[in-house]
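So you can see what is in the structure, the chains are spelled out below.
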Amino acid sequence: MNAAIATGPSLVGLCLREAGYEFLRQLRTPAVAVPTLAFPLVFYVLFGLVLPGKWGQYDKTAYLLATYGVFGVIGPALFGFGVGLALERHSGWLELKRVSPMPIGAYFFSKIAMSLGFGLIVVVLLSIAAIGFGGVRIDPITWLKLTGVLLVGTLPFCAIGLWVGSLVSGQAAVAVINLIYLPMSVLSGLWLPLFAFPVILQKFAVIWPAWHLAQLALGMIGQAQDAKLVLHTGVLLATSVLFLSLAALKLRER
Amino acid sequence: MGYASIAELRGASKRYGKHIALQPTDLSIRAGEVLALLGPNGAGKTTVLGLLTGRLSADAGSARLFGADPRDWRARRRIGVMLQDGRLPETLRVSEHIALYAGYYPKPRPLEETLELAGLTDIAQRRYEQLSGGQQRRVQFALAICGRAPLLFVDEPTVGLDVEARRNFWQVLGQLRAEGSSIVLTTHYLEEADALADRIVLLAGGRIFAEDTPAGIKARASGKRLRCRTRLSAAMLRGWPEVGKVHVEGERTEICSHAPEVLLRRLLAADADLVDLEVLPLSLEEAFLTLTATSASKEAA
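Residues numbered from 1 in each chain as written. Chains lettered and ligands numbered in written order. Predicted model: local features only at pLDDT ≥ 70, side-chain atom pairs only at ≥ 80, totals over all residues. Heavy atoms only, no water.

### Looking at the domain arrangement of chain B
Size of an interface, as often reported, equals the accessible area lost when the parts are brought together.
Inference 1: Once the domains are mapped, chain B shows domain 1 (5–219) and domain 2 (222–300).
Inference 2: Its C-alpha centre places domain 1 of chain B at a distance of 37 Å from the equivalent point of domain 2 of chain B. (Domains from an automatic or database assignment.)

### Comments concerning the interface of chain B and chain A
Inference 1: Across the contact, 33 residues belong to chain B and 30 residues belong to chain A.
Inference 2: Where chain B abuts chain A, roughly 3100 Å² becomes buried across the two surfaces, and 60% of that area is made up of carbon and sulfur atoms.
Inference 3: Our count for the contact surface shared by chain B and chain A stands at 2 salt bridges.
Inference 4: The salt bridge involving B:Glu96 is made with A:Arg28; its shortest N-O contact spans 2.8 Å.
Inference 5: Breaking the side of chain B that touches chain A down by element, the ones donating at least two residues are strand S5 (79–82) and helix H2 (94–102) of chain B. (Contact = heavy atoms within 4.5 Å. Buried area = accessible area lost by both parts, 1.4 Å probe. Salt bridge = Lys/Arg side-chain N within 4 Å of Asp/Glu carboxyl O. Helix = DSSP H or I, 4+ residues; strand = E, 2+ residues; numbered from the N terminus.)

### What to know about the sheet that holds strand S7 (residues 182–187) of chain B
Paired through backbone hydrogen bonds, the strands of a sheet run either parallel or antiparallel to each other.
Residue and element names in this part refer to chain B.
Inference 1: Spatial ordering of the open sheet is given by S5-S6-S7-S3-S8-S9, a layout of 6 strands whose pairing is mixed. At either margin of the open sheet sits one strand with a lone partner, and together these are S5 and strand S9 (207–212). Neighbour-to-neighbour, the strand axes of this sheet turn through a mean angle of 15°, independent of strand direction.
Inference 2: Note: strand S3 (residues 34–38) against strand S8 (residues 199–204), 4 bridges, orientation parallel. Pairing of Leu-35 across the sheet is with Arg-199, part of S8.
Inference 3: Here helix H1 (residues 45–52) sits on the sheet in contact with S3, strand S6 (151–155), S7 and S8, set at roughly 145° to S6. (Pairing = 2+ DSSP bridges. Axes fitted to C-alpha atoms, helices over the stretch in contact; angles between N-to-C directions.)

### Brief notes about the pattern of salt bridges
All names here are of chain B.
Inference 1: Applying the stated criterion across every chain, the model contains 30 salt bridges over all chains.
Inference 2: Here Lys-14 makes a salt bridge to Asp-59, at a shortest N to O gap of 3.8 Å. On the criterion of sequence distance, the pair formed by Lys-14 in strand S1 (residues 5–16) and Asp-59 in the loop between H1 and strand S4 (60–65) is long-range, its members being 45 residues apart.
Inference 3: For Asp-59, a relative accessible area of 44% translates into the label partly exposed.
Inference 4: With a shortest N-O distance of 2.8 Å, Arg-266 and Glu-242 are connected by a salt bridge. Of this pair, Arg-266 sits in helix H9 (residues 260–270) while Glu-242 sits in the loop between helix H8 (234–238) and strand S11 (243–249), placing them 24 residues apart in sequence. (Buried < 20%, exposed > 50% of the residue type's maximum accessible area, 1.4 Å probe, protein only.)

### As for the sheet that holds S4(B)
Residues and elements named next belong to chain B.
Inference 1: A sheet is described by the order of its strands in space; here 3 strands give the open sequence S2-S1-S4, paired in antiparallel fashion. What marks the edges here is a single partner per strand, and that holds for strand S2 (19–30) and S4. Within this sheet the neighbouring strands show an average axis-to-axis angle of 20°, counted without direction.
Inference 2: For S1 and S4, the ladder comprises 5 bridges, and the chain directions are antiparallel. If you follow Arg-10 over to S4, its bridge partner there is Ser-62.
Inference 3: Packed onto the sheet, H1 meets S1, S2 and S4 and runs at close to 120° relative to S1.

### Let's talk about the pairing of S3(B)
Residue and element names in this part refer to chain B.
Inference 1: Of all 5 residues that make up S3, 5 are buried, and the element is covered over most of its length.
Inference 2: In S3, alternate side chains face the same way, and those of Val-34, Ala-36 and Leu-38 on one face and Leu-35 and Leu-37 on the other are all buried.
Inference 3: Strand direction decides the pairing type here: S3 and S7, joined by 5 bridges, are parallel. Bridge assignment links Leu-38 to a residue of S7, and that residue is Thr-187.

### Points about helix H11 (residues 229–253) of chain A
Residue and element names in this part refer to chain A.
Inference 1: End to end, H11 covers 36 Å across 25 residues, agreeing with the expected 36 Å (1.5 Å per residue, within 8%).
Inference 2: Turning to H11, its buried residues are His-232, Leu-236, Thr-239, Ser-240, Phe-243 and Ala-247.
Inference 3: Among the structural elements, helix H7 (155–167) and helix H10 (209–220) are those in contact with the buried residues of H11. (Expected span 1.5 Å × (residues − 1).)

### Section: the packing of aromatic side chains
Inference 1: Within the structure shown, the criterion is met by 19 aromatic pairs over all chains.
Inference 2: Judged by centre distance (6.4 Å) and plane angle (55°), the rings of A:Phe43 and A:Tyr68 are tilted. Residue A:Phe43 is found in helix H2 (residues 30–50), and its partner A:Tyr68 is found in helix H3 (residues 60–91); the two are separated by 25 residues along the sequence.
Inference 3: Ring centres 6.3 Å apart and planes at 80° place the aromatic pair A:Tyr44 and A:Tyr68 in the edge-to-face group. Of this pair, A:Tyr44 sits in helix H2 while A:Tyr68 is found in helix H3, placing the two residues 24 residues apart along the sequence.
Inference 4: Accessibility expressed as a relative area gives 0% for A:Tyr44, which makes it buried.
Inference 5: Chaining the aromatic ring pairs together yields one cluster made of A:Phe39, A:Phe43, A:Tyr44, A:Phe47, A:Tyr68, A:Phe71, A:Phe79, A:Tyr181 and A:Trp191.
Inference 6: Across from the ring centre of B:Phe66, 4.9 Å away, lies the NZ or CZ of B:Arg78, which sits over that ring.
Inference 7: Sitting over the face of the ring of B:Trp240, B:Arg266 holds its NZ or CZ atom 4.8 Å from the ring centroid. (Phe/Tyr/Trp six-rings, centres within 6.5 Å; stacked < 30°, edge-to-face > 60°. Lys NZ or Arg CZ within 6 Å of the ring centre and 35° of its normal.)

Here it is in structure tokens:
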């Protein structure tokens, strides 16, 4: 270690502190906190609990727990990174971080941690609704596996958000992210199962990373007949690598 | 050597595509001094700051902070920075912003002291979005000083502040200096550099033209602008040592000079028919140009 470098707070402490404040400030931003926390729950209650209907071989409330879980965790990932980075590049906040005594990695860490924190809250809220009011029976190990898949599965969406945030500036990112988030959610069968859609759209679902994550989540709770673990994991990993690389290229350019 | 260099550029240069932001430049910052980087927009002030604070990488040459690379975040534990514009997240309170930042440093200032110095004590619990422009600027300043770093960089600190706020700010900088901090500030007000700095570095067009005490710089920049109608050609005038820039527009000739009295005597002697004479002060921009011309002719000589 260079003798000229002063010692100071540890890297771990720094990252955690950064993440804590990031979480606090997003929680205080109604435009972020309300849609990301409330929408998945409201939709779940509406489509899963209030509207009647039997889905043959599928258990509706368990099925929608998985798909709204996906919808719930990818929102903060896309918005936290995409909109957050775009706004903060624009406002000069990122510049100030870059001249501060903190590694820029701590900034990105705080965004990932915030996405995971919000994601976990959404999953817990959905689970309370599903188990408490939807009659879903799920043992603790399965629940942990489902939650784990959902949280790890946010990575490719963090990467997509990062790329959009590096590309578009300021408020435009809100529009771009919404244009990705909402259509992808619907077309991946996160709101209503895909068998309710025309066959052509069902076939197309394979192009959406959210569909692959949904297949994994459904597989965890026995609601997918043909979840191909390796294929879906592979697609999600490839998506992460692709968008992380694109974002890194773009950010280095600047 | 009577001083220690705590930060420096060695032959550092930076370009963006074809635009040269900074020519190869040497600069050293001494312990305990207040250094003003003075120059018009686009002079390279912010580039110098960017290189010294690790935000930019030099194309050639190097930047050092206390002997380390400023791009290493640990090296930046010894500096505090206030950027020209950098809005902070809206929903955090003033005290939270400062607590977050102070946490980056090994021996930060107590929160109360930072609030006091930056004049934020009464609004410590407000959210950033509820503050006026001047108050927001003070929070940004608080972030720069909360770590008790021995070297401060402040980029155009008083732009947008009213006269009273500017005086207050100058006073606080004086206080920090008395604590032993070194301060590098950029400004395009000669008045500000004069009021605060021990040393002024004059930048224009991406290079350093002069480096001197405020008194020295003012003496050098204290030229005048002469306007008249004369039959003497611009080429001939340019040959005179006391002439800086010459500009001919129609029948009018405009001459910048760092020694206007000498020039006037020679001018009136050389052209008996000279009319419409005016003697005007130099603007700071013109002072730069005069210095530019002087240093260019010295280089040519």
